[in-house]
Amino acid sequence: MIWMCLPLLRFLAFSLFGFIVAFILLLVVVYLRQLPFRRSALARSCVRDPFPLLRYIGVHLSLLEISKHCGSYDTHLTNFLLFEASSRPAEGWVMLFIGVVPELLLYRADHVEKVFGNSKNIRKGPSYRLLDPWLGEGLLTSYGSKWKSRRKFLTPAFHFKVLDTFADAMNRQAKIFADQIGRKKPDEDMLPYVEAFTLDVVCETIMGIDMKCQLEGSGRDYLNKVKRISHQLVKRFADPLSWIDFIYFNFTGDGREFKKIVEEVHDFTTQVINERKRELSATPEILESISNAEEAMTKSKKPFLDLMLVEHLKTQNLSIEDIREEVDTFMFEGHDTTSMGLTWTLHFIGLHQDVQAKLHEEIDRVFQGNSTCDVTAEHIKELKYLEMVIKESQRLCPSVPFAARLVTEEFRIDDKPVPIGTEVIVFIRKLHEDPKVFPKPHEFDPQRFSAENSRNRNPYAFVPFSAGPRNCIGQKFALLEEKILLVWVLRKFQIKSLDYRDQILVKIDIVLRPQSPIRIAVKNR
Ligand code: HEM
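Here the structure is a predicted model, which is why all the values come from computation and not from measurement.

(A) How the structure looks around the confidence of the model for the chain. Per-residue pLDDT for the chain averages 85, and the proportion of residues at 70 or more is 84%. Segment residues 33-39 is flagged for pLDDT under 50; beyond a separation of four residues in sequence, or across chains, it makes 14 contacts in the model.

(B) Geometry of the packing of aromatic side chains. Enumeration according to the criterion identifies 16 aromatic pairs in this entry. Here Phe-438 and Phe-449 contribute two aromatic rings whose centre-to-centre distance is 6.2 Å and whose plane-to-plane angle is 40°, an arrangement assigned as tilted. With a gap of 11 residues between them, Phe-438 in the loop between helix H21 (428-431) and helix H22 (451-454) and Phe-449 in the loop between H21 and H22 connect regions that are remote in the sequence. Here Phe-438 and Phe-449 have matching classes, each one buried. Members of the aromatic cluster, joined through ring pairs, are Phe-158, Phe-166, Phe-304, Phe-330 and Phe-477. Over the ring of Trp-488 we find Arg-491, and its NZ or CZ is 4.5 Å from the ring centre.

(C) Spotlight on the coordination of the iron atom of the ligand. Among protein residues, the single donor to the iron atom of the ligand is Cys-472 (SG), with a metal-donor distance of 2.3 Å. Mapped onto the secondary structure, Cys-472 falls in the loop between H22 and helix H23 (475-492).

(D) Structural view of the nonpolar core. In this structure, Trp-134 and Phe-177 are the most contacted members of the largest nonpolar core, which totals 143 residues. Filtering out sequence-adjacent residues up to four positions away, Phe-177 remains in contact with Met-190, Tyr-193, Val-194, Phe-197, Gln-214, Leu-346, Leu-485 and Val-489.

(E) Structural context of the site of the ligand. Contacts to the ligand come from 27 residues, most closely from Tyr-128, Trp-147, Arg-151, Arg-405 and Cys-472. Within the side chain of Tyr-128, an N or O atom sits 2.4 Å from an oxygen atom of the ligand. Between an oxygen atom of the ligand and a side-chain N or O atom of Arg-405, the distance comes to 3.0 Å. Of all elements in the fold, only helix H7 (144-154), helix H17 (320-351), strand S3 (402-406) and H23 reach the threshold of two or more residues within the shell around the ligand. With five residues, H17 is the largest single contributor of residues to the shell around the ligand.

About the thresholds
- Residues numbered from 1 in each chain as written.
- Predicted model: local features only at pLDDT ≥ 70, side-chain atom pairs only at ≥ 80, totals over all residues.
- Heavy atoms only, no water.
- pLDDT = per-residue confidence, 0-100.
- Contact = heavy atoms within 4.5 Å.
- Phe/Tyr/Trp six-rings, centres within 6.5 Å; stacked < 30°, edge-to-face > 60°.
- Helix = DSSP H or I, 4+ residues; strand = E, 2+ residues; numbered from the N terminus.
- Buried < 20%, exposed > 50% of the residue type's maximum accessible area, 1.4 Å probe, protein only.
- Lys NZ or Arg CZ within 6 Å of the ring centre and 35° of its normal.
- Donors = N, O, S within 2.8 Å, 3.2 Å for Na, K, Ca; no water.
- Core = buried A, V, L, I, M, F, W, Y, C linked by side-chain atoms within 4.5 Å.
- Near = heavy atom within 4 Å.
- Polar contact = N/O pair within 3.5 Å; in protein donor to acceptor, adjacent residues only side chain to side chain.

Quick look at the structure:
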């Protein structure tokens, strides 16, 4: 009897084995199909090595070894991109592989102009898909007609009249910041103070709530969650296997953690939006007094949120989910980037006492010794040297070190076609170090940004806020915030950085983040 069953059992076993193999093959095919192999045509024409994947593995293994001694995987990713870019400094572009996916890295102004200056190639790169569970289709990640109409709708929120309203909150929070760092221990990290300041500013201006992160430490929980999300995103970006949602969210601890924190952050923002919606619905006189975007921005105390809620309540053009996407986007874009910009600028000012002396001189002249008045738009216009210092800090340490686009209209680089479907990464950090544009690029020299020295420079050689149609909508907001804070600090204090630049490790964590504490001693002038 058993003998008779054996062939059947063998047949079943083979069938099962065959079925499993076929299933795995199917999964592999599905995975490979979603990889942009169309782009490999460009990769083949551009890479120097016959076996680019072997090169990729080789470079990674050696860099992993190095990063064991100098930091985490994020430092490793920074090193990898810098290493690849440094292998072709003059060409200004290199084709590299993240896993098996070819990416075109650009870091020369004329190449960057072809991407940022093109009004057709405005779709964000496929890697931004990783942001979707968190930011949905907010302004940063959306494209096509959705992006166009949202950009048009939200632009009035950053009109200079509205910025004046925002300046009140910035001055109030900057005063608190100056009081607090006056009591800080000399070798205490400056970053948490700056982060609390930018979070308070963005909560008040974007969400219309007084978070009191500086005074009471509230909001730290939100801040830590956003940091964890950024960290997990970069880790995921560097690991192509985890790009498959099914695997990442179901079979990895990182994916599960990411999902949980994102849900908590969403709950927080939804709660804030619903509270304001209830307030507005309960006061129809306020709602009625606001009939268009301009009025929302100038009449309301919570202009950004109200602009969208009025649209939601009056026209139903925006759902609460749409508003949440934008609030999450602006909360993230509006605080982490500015924190890094300010922290690096304070670090550079504390390192270069000659630059600081000039800043003191300019500020004393403009404010005529008054160290307690609010900083206004009129003052800001006169602070030319301060602007040059901020720009030079952004050149060396751009808060956003790279930005990616998906090619939707073919263009040529060095006479080679860049096909539709290619992901192009503009490596802003490396672009800012081009010695032909910025001689002795590693030296800190604000004079590079004097009117005379900037006159003939290609505008795409310095793009901390990106450029073209998809540039940073919050650029003026960020510069205003940075200038106001720096004035409040420098009117009162002499600052001194306790660590040289080469003692501070840097990691790419969506933003360019210091990995070691930024120790700045502060004393009254
Ligand atoms: C120093 C501070 C800042 C820097 C360096 C910075 C830099 C950038 C860069 C490089 C981009 C383009 C990103 C890409 O193409 O992937 C961008 C986009 C954006 N930024 Fe900023 N940003 C800063 C502050 C802000 C602030 C304060 C806000 C809002 C309050 C903001 C809101 C946005 C938004 C919404 C986008 C997407 C715009 C679009 O695609 O239409 N940013 N920013």
